[in-house]
Amino acid sequence: RTPRPAERAAAMAAPLKRCLLRRRDGREQHGVAASCLRELRDKARGILAIDKATEPITLVLAEDGTIVDDEDYFLCLPANTKFVALAKNEKWSSKSLDSGTAWLSESVDEVDSAAEKWKQLARQLKDDLSNIILMSEEDLQVLIDVPRSDLAEELAQSQTKIQVLQDTLQQVLDRREEERQSRQLLELYLEALKNEDSILSKVAESETVPRKEMDVVDTGASSTGPSAKTGLSDHILAALKEKPAPELCLDSQDLELVLKEDTEALASALRWDKQKAEALQQACDQELSKRLQQVQTLHSLRSMSKGKKTLPWGDLLSSKRKK
């Protein structure tokens, strides 16, 4: 409907909020300014070339798919909030580019081709500190090793706060290592139980059945045949094959790639049996879900308390240190 004169006057009086818009399956973002949800929908329709036949348009938060249909909630959102415009019958999906790890596939601010990797990682933290949860162990270590003064200058923070940040990064690394060691101990224990049962079974057999010599057939996945083609990079395959609990050392984007990979192709590339490859993908799925849940929880807590802030050093870092 056409807005009434009173509505137009109220909209003109309201301050404009900067927002970022994109379609569900698109990566191109458009910056717009709107004073209310109606104005944002109207601009989304025009900028994103959404056909009127596919209306009504639904606006959701790009980070977690929260539907934004309340004016008061819209006004509480910070500037530069990312929105996804969904046409009729479209649904937000965590497996699409709108998932919690979409920031990993997007370009961070343009940097010199010769810029160090740590600067790109630091800018990701400057945009949202909860990105720590989604980083690989290698990325975490890179930021820990950066001289405190350099990182403080890059993030425009005091060296005291940078020390707290690096302590937090180290704690995340330590927790992953503790989890890895716990899993290894559990696997060793289960393997020992399995071997013990096997030995007892063989002893019982030998007492009742004459021992027969049998040809040993290798049914493992150590075949020297060619590996099936896989879209995973060499560094991901190396981590999956060589690292204990590899899902803990990969970043969230790599975990998504492993989940999307065909199980048989993955098993062939790693020279494993299909059951082992399925178990690996399940572990990756659980780890990715856990990280995304942690990120969404942090975002929700931050929104409920103070609203989103860029790099909430005090509260978020101190809460991490207490855990």
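A short tour of the structure in this document, coming up. (Residues numbered from 1 in each chain as written. Predicted model: local features only at pLDDT ≥ 70, side-chain atom pairs only at ≥ 80, totals over all residues. Heavy atoms only, no water.)

Turning our attention to the overall build of the protein chain. Tallying secondary structure elements over the protein chain gives 13 helices and four strands in all. Within the protein chain, the fraction of its 323 residues that count as buried is 35%. Just so you have it, the protein chain exposes about 19,600 Å², and 51% of that area is on carbon and sulfur atoms. (Helix = DSSP H or I, 4+ residues; strand = E, 2+ residues; numbered from the N terminus. Buried < 20%, exposed > 50% of the residue type's maximum accessible area, 1.4 Å probe, protein only. Areas by Shrake-Rupley, 256 points an atom, 1.4 Å probe, with all protein chains shown as cover.)

Turning our eyes to something else, we now look at the nonpolar core. In terms of nonpolar packing, the biggest core is built from 23 residues, with Leu232, Leu240, Leu250, Val258, Leu266, Leu270 and Leu280 touching the most fellow members. Sort the elements by how many residues they give to this core and helix 12 (residues 274–305) lands first, with seven residues. The contacts of Leu232, once residues within four sequence positions are left out, are Leu237, Leu240, Leu257, Val258, Glu261 and Leu266. Residues Trp118, Leu125, Leu129 and Leu173 belong to the second largest nonpolar core, which totals 19 residues. (Core = buried A, V, L, I, M, F, W, Y, C linked by side-chain atoms within 4.5 Å. Contact = heavy atoms within 4.5 Å.)

Turning our eyes to something else, we now look at the pairing of strand 1 (residues 17–23). Residues in a regular strand project their side chains so that they alternate between the two faces of the sheet. Inspection of the sheet shows strand 1 paired to strand 2 (residues 30–34) by five bridges, in the antiparallel sense. The residue bridging Cys19 from the neighbouring strand is Val32, located in strand 2. Taken together, strand 1 and the strand that follows it, strand 2, pair antiparallel across an intervening segment of six residues. Sheet analysis places strand 1 next to strand 4 (residues 81–86), joined by five bridges and oriented parallel. Among the inter-strand pairings, Leu21 is bridged to a residue of strand 4, identified as Phe83. (Pairing = 2+ DSSP bridges.)

Among the residues making up helix 6 (residues 137–145), those that are buried are Glu137, Asp139, Leu140, Leu143 and Ile144. One side of helix 6 carries all its buried residues, which in axial view fall inside an arc of 160°. The exposed set on the far side of helix 6, more than 90 degrees from its buried face, consists of Glu138 and Asp145. (Arc of directions from axis to C-beta.)

As for its placement among the helices and strands, Trp272 is situated in the loop between helix 11 (263–270) and helix 12. Here Trp272 falls in the buried class, since its relative accessible area comes to 16%. The spatial distance from the C-alpha of Trp272 to the C-alpha of Lys241 is 9.3 Å, given a sequence separation of 31 residues.

This next bit is on the sheet that holds strand 3 (residues 58–61). The mixed open sheet is built from four strands, whose spatial order is 2-1-4-3. Strands at the two margins of the open sheet, each flanked by one partner only, are strand 2 and strand 3. Across this sheet, the average inter-strand angle for adjacent strands is 40°, counted without regard to direction. Here four bridges tie strand 3 to strand 4, and the two strands are oriented antiparallel to one another. In the strand pairing of strand 4, Thr58 is matched with Leu86. (Axes fitted to C-alpha atoms, helices over the stretch in contact; angles between N-to-C directions.)

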